[in-house]
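Summary of the model geometry
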Amino acid sequence: MNTGKNNHGFAHSFINLAQARLGARALYASDDFFAPCERMLQASEAVFIPGKYDSNGKWMDGWESRRKRGPGHDFCVVRLAFAGVLHGVDIDTSHFIGNHPPSASLEACYSPKADPDDSTDWIEVLPATALQADSHHLCTVDDNSVYSHVRLNIYPDGGIARLRVYGQVVCDWSKRDAEAPSDLAAVANGGRALACSQAGFGSSMHNLNLPGRGVDMGDGWETPRRRGPGHDWVILELGCVGKLTHLEIDTAHYKGNYPDRVSVQAAHLSDDDTD
């Protein structure tokens, strides 16, 4: 386990499996008196609104529990959008100053058919880690197991603006009909973007294979204007080896800035191929 600003490659290479838009859900929090745990899973950056209060106190964009007066600690159980191998987490305390937890840890389990209960065996994937106020805490996870749920423990109480759990979706293709058409690039099927020539305007190559259509121009992959020779490109790894029969290239919301044309190349690489 490593923490620090220099260990955040996983945030670029993998998607956030704890994103509400993709289907992740906060199932239970031991306490969320000041701010509901669901806010912690929003994809947008946390905001602070001066002077905004609700019936329980200052409105905060995240999950916040009340002050704990006895022993123990607070926790929140999250069902990930897709089961996968976890590579890193971002425990974000943005705008929580004086009410952030001093430390936090993360546990995980694999329970694809039912949500965890009191009999669930949790595996610690991130030991108790010191947290700072109003900060991102990027922590790598060194574990090759597949997990479907995580439990964030905060010690003893306080507020977390965002929880992001970056990982590789694992799809069990042995249980799929091999003859049925499948979107091999879809994130739900284990597809992922590996690299791109460049990206700009808040866009990301990881938006290309998300479910549904883009909601706006920021919900796609867009590059800065190219003023010299060459072209832009992106490499996608398919979730499974397959025979390609159809391609869909969607330029929704791109009007004066869509590409003039595209081409697609494919390759079949073995586990021994490194280039």
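These figures come from a predicted structure and were not determined experimentally. (Residues numbered from 1 in each chain as written. Predicted model: local features only at pLDDT ≥ 70, side-chain atom pairs only at ≥ 80, totals over all residues. Heavy atoms only, no water.)

1. Overview of the overall build of the protein chain
- Looking only at helices and strands, the protein chain has one helix and 14 strands in total.
- The C-alpha radius of gyration of the protein chain comes to 20 Å, within 12% of the 19 Å expected for a compact globule of 275 residues.
- With the C-alpha coordinates aligned to their principal axes, the bounding extent of the protein chain is approximately 60 × 45 × 35 Å.
- A buried classification covers 40% of the 275 residues belonging to the protein chain.
- In the protein chain, the proportion of contacts linking residues at least 24 apart, taken out of those at least 6 apart, comes to 74%. (Helix = DSSP H or I, 4+ residues; strand = E, 2+ residues; numbered from the N terminus. Rg over C-alpha atoms; globule rule 2.2 N^0.38 Å. Buried < 20%, exposed > 50% of the residue type's maximum accessible area, 1.4 Å probe, protein only. Contact = heavy atoms within 4.5 Å.)

2. Side note on the environment of C240
- Relative to the helices and strands, C240 is located in the segment after strand 14 (234-237).
- Residue C240 is classed as partly exposed on the basis of its relative accessible area of 27%.
- For C240 and Q132, which are 108 residues apart along the polypeptide, the C-alpha to C-alpha distance reads 41 Å.
- With sequence-adjacent residues up to four places away left out, C240 is seen in contact with W173 and L184.

3. Notes on a nonpolar patch on the surface
- Nonpolar side chains collect at one region of the surface, where L247, I249, V262 and V264 lie side by side and expose about 400 Å² of accessible area between them.
- Within the secondary structure, I249 is located in the segment after strand 14.
- What makes I249 exposed here is its relative accessible area of 52%. (Patch = residues over 30% accessible without salt bridge, like charges linked within 9 Å, V, L, I, M, F, W, Y side chains within 5 Å. Areas by Shrake-Rupley, 256 points an atom, 1.4 Å probe, with all protein chains shown as cover. Salt bridge = Lys/Arg side-chain N within 4 Å of Asp/Glu carboxyl O.)

4. Points about the packing of aromatic side chains
- Evaluation of the coordinates by the stated rule reveals three aromatic pairs.
- Look at F10 and Y166: their rings are 5.7 Å apart centre to centre, the planes differ by 50°, and that puts the pair in the tilted class. You can see F10 sitting in helix 1 (residues 9-13) and its partner Y166 sitting in strand 12 (residues 162-169), a full 156 residues away along the chain. Grouping residues by exposure puts F10 and Y166 together as buried.
- In this arrangement the basic side chain of K58 is found over the ring face of F48, its NZ or CZ atom lying 4.4 Å from the centre.
- We note K58 situated over the ring of Y53; from NZ or CZ to the ring centre the distance is 5.8 Å. (Phe/Tyr/Trp six-rings, centres within 6.5 Å; stacked < 30°, edge-to-face > 60°. Lys NZ or Arg CZ within 6 Å of the ring centre and 35° of its normal.)

5. Digging into the environment of R225
- Considering the arrangement of structural elements, one finds R225 in the loop between strand 13 (192-196) and strand 14.
- With a relative accessible area of 58%, R225 lands in the exposed category.
- Between the C-alpha atoms of R225 and N257, which are 32 residues apart in sequence, the distance is 8.8 Å.

6. Focus on the confidence of the model for the protein chain
- When pLDDT is averaged along the protein chain, the result is 94; 95% of the residues meet or exceed 70.
- Here residues 1-6 is a poorly scored stretch, pLDDT under 50, and it has twelve contacts once near neighbours within four places are set aside; other chains count. (pLDDT = per-residue confidence, 0-100.)

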